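# Reading the structure
One letter stands for each residue in the lines below.
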Amino acid sequence: MPRITRWFVKTGIVMLAIALAIGVYQQVPGAWQAGVFPVYLHVLVFGWLTQFVFGIAIWMLPKWSSALPRGREWVNWGIYASLNAGLVLRMVFEPLHDAQLVAWSGTMLVISATLQWLAGISFAWQAWTRVKGR
Amino acid sequence: MPGLSRFAVRVSLVYLGLGLTLGALILANLGVPFAPLIWTLLPAHIEFMFFGWMTQFALGIAFWILPRFPGSHPRGDERWSQASFALLNGGVLIFAGAALLGADGLTLLGRSLEATALAAFVIGNWRRVYSLRAG
């Protein structure tokens, strides 16, 4: 299993643990709920499931070439960084934005949206070139 | 990778791009509002991500890597799987379109097609889930 896949899978498992912890938190009576449910949902679906799928796909899809079997490595690391940076920004700033606690939280959500979008589009573009017969 | 898997995985990547674009617009609009009606994209975002991308990608890969049968039809009767992907994509597009246009009657059709798609995939591939060692 290549190094990039190990990072995707292990970070995905950490995100699953975070999502489950948020799920527990949400059930605490009187806990602050503003903006927490969308964060829970996206940590679960994007941070865990999608991240896990991306990591395994980078490993398992047909080789891009014999010299670069998993495509351009810097693109894969860029996808990893962009996905997680975007998601962490959302985890921090969506509840703050919902509660109107930080003036520039809206701008951070736009940056978060852009980073997550960039991660997915880059993955789709690189994976597309590896979807082929023998 | 067989042709049907290539088709399913590539279509799923298109849905990933579409679903993420809708999601990014919704999140950006939450941060800096620019189009109040953008919330109407939410059902299409969810549909594209769950069924168009994730489910279709998983089924496309499963069709490729599940154990094969000896003989001339290693993946069984492929027409079931072909029908499955056609039904799944029809269902996703009909549900997302109906949700966008407010055509509630068609959402039932969309979801029914998706359920039928899964049934077709199960019928076509159930017997491929076996142990290679058991023979």
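### Re the pattern of salt bridges
Tallying each qualifying case throughout the model produces five salt bridges over all chains. Note that R90 of chain A and E94 of chain A form a salt bridge whose closest N and O atoms lie 2.6 Å from each other. Of this pair, R90 of chain A and E94 of chain A are both found in helix α3 (residues 73–98), four residues apart, which corresponds to roughly one turn of the helix. There is no split in this pair, since R90 of chain A and E94 of chain A are both buried. Note that R79 of chain B and D77 of chain B form a salt bridge whose closest N and O atoms lie 3.0 Å from each other. We classify R79 of chain B as exposed; its relative accessible area is 60%. Linked through salt bridges whose partners overlap, the residues forming this network are E47, R111 and E114 of chain B.

### Observations concerning the interface of chain A and chain B
With 32 residues of chain A in contact, the opposing surface of chain B contributes 23 residues. Summed over both partners, the interface of chain A with chain B comes to about 2,300 Å²; 79% of that surface belongs to carbon and sulfur atoms. Inspection of the chain A/chain B interface yields four residue pairs in polar contact (both at pLDDT 80 or more). At the level of secondary structure, the elements contributing two or more residues to the side of chain A that touches chain B comprise α2 (36–60), α3 and α4 (105–128) of chain A. Ranked by residue count, the leading element in the side of chain A that touches chain B is α4 of chain A, at 14 residues. Residue composition of the side of chain A that touches chain B, grouped by class: 19 nonpolar, nine polar and four charged.

### A few points about unusual backbone geometry
With phi around 55 degrees, Q100 of chain A is a residue other than glycine that occupies positive phi space. Locating Q100 of chain A in the fold gives a position in the loop between α3 and α4.

### So, α3 of chain A
Between the first and last C-alpha of α3 of chain A there are 37 Å, a value that for 26 residues agrees with the 38 Å anticipated at 1.5 Å per step. The largest bend along α3 of chain A measures about 30 degrees and falls at V92 of chain A, with the proline P95 of chain A one to four residues further on.

### Quick look at the side chain of S112 of chain A
Residue placement: S112 of chain A occurs in helix α4. Excluding residues within four positions of it along the chain, S112 of chain A makes contact with G86, L89 and R90 of chain A together with L27 of chain B.

Conventions and cut-offs
- Residues numbered from 1 in each chain as written.
- Chains lettered and ligands numbered in written order.
- Predicted model: local features only at pLDDT ≥ 70, side-chain atom pairs only at ≥ 80, totals over all residues.
- Heavy atoms only, no water.
- Salt bridge = Lys/Arg side-chain N within 4 Å of Asp/Glu carboxyl O.
- Helix = DSSP H or I, 4+ residues; strand = E, 2+ residues; numbered from the N terminus.
- Buried < 20%, exposed > 50% of the residue type's maximum accessible area, 1.4 Å probe, protein only.
- Contact = heavy atoms within 4.5 Å.
- Buried area = accessible area lost by both parts, 1.4 Å probe.
- Polar contact = N/O pair within 3.5 Å; in protein donor to acceptor, adjacent residues only side chain to side chain.
- Nonpolar A, V, L, I, M, F, W, Y, C, P; charged D, E, K, R; others polar.
- Expected span 1.5 Å × (residues − 1).
- Bend = angle between axes of the 7 residues up to and from the residue.

Purely geometric numbers; function is a separate question.
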